[in-house]
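So you can see what is in the structure, the chains are spelled out below.
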Amino acid sequence: MLTTDFNYDLPQELIAQTPADPRDSSRLLILDRHTGKIEHRVFHDILDYLHPGDVLVANESRVIPARLHASKVPTGGKVELLLLARRSNTVWESLVKGRKVDVGQHIAIHTADPAIHIEGEVTAITPSGGRLVDFGVPIDDYLDNIGIMPLPPYIHTTLENSERYQTVYSRVKGSVAAPTAGLHFTPALCEAAQAKGVEWVSVILHIGLDTFRPVSEDRVEDHQIHSEYCQLNEESATRINTAKKEGRRIIAVGTTSVRVLESAAQGHSGLVESWDGATELFIYPGFKFQIVDALITNFHLPKSSLLMLVSALAGQENIQKAYHDAVEQRYRFFSFGDAMFIH
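Residues numbered from 1 in each chain as written. Predicted model: local features only at pLDDT ≥ 70, side-chain atom pairs only at ≥ 80, totals over all residues. Heavy atoms only, no water.

Student: I'd like a description of the environment of Glu317, backed by residues and values.
Tutor: Take Glu317: it is sitting in helix α6 (residues 316-328). Taking relative accessible area as the criterion, Glu317 reaches 68% and is therefore assigned exposed. In this structure the C-alpha to C-alpha distance between Glu317 and Asp218, which are 99 residues apart in sequence, comes to 20 Å. (Helix = DSSP H or I, 4+ residues; strand = E, 2+ residues; numbered from the N terminus. Buried < 20%, exposed > 50% of the residue type's maximum accessible area, 1.4 Å probe, protein only.)

Have a look at this one:
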């Protein structure tokens, strides 16, 4: 399967630079994955497509201020770090911008508070070209004071309120990018769905490197997806399994929720088990879904693993048609863009 099969042309002006206000005023493309039928609505109309007994599964991971400015010790050369994933109490896998940042290099983190002095050491280079950096302290404790919100590289407008890059139900810190399908929900919309008899189940997946990069290999099957931490607790697993046994729909809010659910279901005959650890599950056409029946998602980057995932669920032809229609209808794309409901 060729990576170029997942390419499409997108006018730059359709890449959303600011979030919708209010959140649930974004547009919503409805795609029937069985018939290919497409409808155009507004996101708060999602209630019309949710039924009593449906289970919405949402990722409650919260974005951390993971971008750090630093300088090399002792030369003072400028360095920028993007924290990707915690590897131990003091070690983080990071993307590092700077000249010749090799193993053994010491890096001083810039802070506005002279009482805070943090110096990291590069201890290894990862297979993907990142760096393992040992800060000597749990740097998570300082990020609110020293870090910057890591908006995607295609967003060039300053975000006035950083909470707009968090879901309203975010709780557990750990992601370097938002689970963007959830950005469309308001507290009132969440309450209205539950009042209609829709269950709400929370999972965790801390989003890492693959959100920022397209698949570079020529063949999809040759791509190695980046490992990400996820968690599905016993209570959530029980509620999902009860719904599956009763024939009720499991609706993932975002591709990250899909990966948690399908990771926890591998080899378990259509049911999930609790999960607490890394997943490297790469979903592309040909994948057999065991848990997810429907998906709320955004419009994804060309040649991305996320575009491959939605194509696996809805069919490549259906997704190609939906994206073509979305461009024609001037939908807004990517993190702050509009939404799609695949059912």
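Moving on, there is more to tell.
Student: Kindly report on the pairing of strand β10 (residues 131-134), identifying the contributing residues and their values.
Tutor: Residue alternation in β10 divides its side chains into a buried set, Arg131 and Val133, and an unburied set, Leu132 and Asp134. Examined bridge by bridge, strand β7 (residues 91-97) and β10 share 4 bridges and lie antiparallel to one another. The residue bridging Glu93 from the neighbouring strand is Leu132, located in β10. Bridge analysis of strand β9 (residues 119-125) against β10 gives 4 bridges, and the strand direction is antiparallel. Its bridge partner lying in β10, Val122 is registered against Val133. From the end of β9 to the start of β10, which pair antiparallel, there are 5 residues, and Gly129 there has a positive phi angle of about 95 degrees. (Pairing = 2+ DSSP bridges.)

Student: Which residues make up the packing of helix α4 (residues 255-265) against helix α5 (residues 305-314), and what values do they have?
Tutor: Where α4 meets α5, the closest approach of the two axes is 11 Å, and the angle between their N-to-C directions is 65 degrees. In terms of their interaxial angle, α4 and α5 are classed as roughly perpendicular. In this structure, α4 meets α5 at a crossing whose hand is left-handed. Here α4 contributes Thr255, Val258 and Arg259 to the contact with α5, which in turn contributes Leu306, Leu309 and Val310. (Axes fitted to C-alpha atoms, helices over the stretch in contact; angles between N-to-C directions. Parallel < 35°, antiparallel > 145°, perpendicular 65-115°, else oblique. Left-handed = near helix turned anticlockwise from the far one by under 90°. Contact = heavy atoms within 4.5 Å.)

Student: So what's going on with the sheet that holds β9? Which residues, and what values?
Tutor: Strand order around the closed barrel formed by 6 strands is β5-β6-β7-β10-β9-β8, with antiparallel pairing between neighbours. Averaged over neighbouring strand pairs, the angle between their axes works out to 45 degrees when direction is ignored.

Student: Describe α5, and please don't skip the residues or the numbers.
Tutor: By the criterion of burial, α5 is predominantly enclosed, with 9 of the 10 residues buried. Residues Ser305, Leu307, Met308, Leu309, Val310, Ser311, Ala312, Leu313 and Ala314 constitute the buried set of α5. Contacts from the buried residues of α5 go to β1 (27-31), α4, β16 (294-298), α6 and β17 (339-342). Of the residues trailing α5, Gly315 is marked for its positive phi of about 95 degrees.

Student: Tell me what's going on with the sheet that holds β1, and back it up with residues and numbers.
Tutor: Sheet architecture is open: 9 strands sit in the order β2-β1-β17-β16-β14-β3-β12-β13-β15, paired in mixed fashion. Here the strands that pair on one side only, and so sit at the sheet edges, are β2 (38-42) and β15 (275-279). Pairwise comparison of adjacent strand axes, ignoring direction, gives a mean angle of 25 degrees for this sheet. Pairing of strand β14 (residues 250-253) with β16, which is carried by 3 bridges, proceeds in the parallel orientation. Each residue of the ladder has a partner; that of Ile251, found in β16, is Ala294. Taken strand by strand, α4 contacts β3 (55-59), β12 (199-205), β13 (228-232), β14, β15 and β16, and its axis lies near 85 degrees from that of β12.

Student: Give me the side chain of Asp338: which residues, what numbers.
Tutor: Structurally, Asp338 is set in the loop between α6 and β17. Of the side chains with opposite charge, Arg332 lies nearest to the buried Asp338, which makes no salt bridge, at 4.5 Å. Separated by 2.7 Å, the side chain of Asp338 and the backbone nitrogen of Arg332 make a polar contact. Apart from the residues within four sequence positions on either side, Asp338 is in contact with Ser26, Arg27, His184, Thr297, Asn298, Phe299, Tyr331 and Arg332. (Lys, Arg positive; Asp, Glu negative; His and termini not counted. Salt bridge = Lys/Arg side-chain N within 4 Å of Asp/Glu carboxyl O. Polar contact = N/O pair within 3.5 Å; in protein donor to acceptor, adjacent residues only side chain to side chain.)

Student: Mind laying out the pattern of salt bridges, listing which residues take part and the relevant values?
Tutor: Enumeration over the complete set of coordinates arrives at 19 salt bridges. Between Asp54 and Arg249 there is a salt bridge whose closest N-O contact spans 2.7 Å. Of this pair, Asp54 sits in the loop between β2 and β3 while Arg249 sits in the loop between α3 (234-245) and β14, placing them 195 residues apart in sequence. Where salt bridges share partners, they join Glu199, Glu235, Arg239, Glu246 and Arg248 into one cluster.

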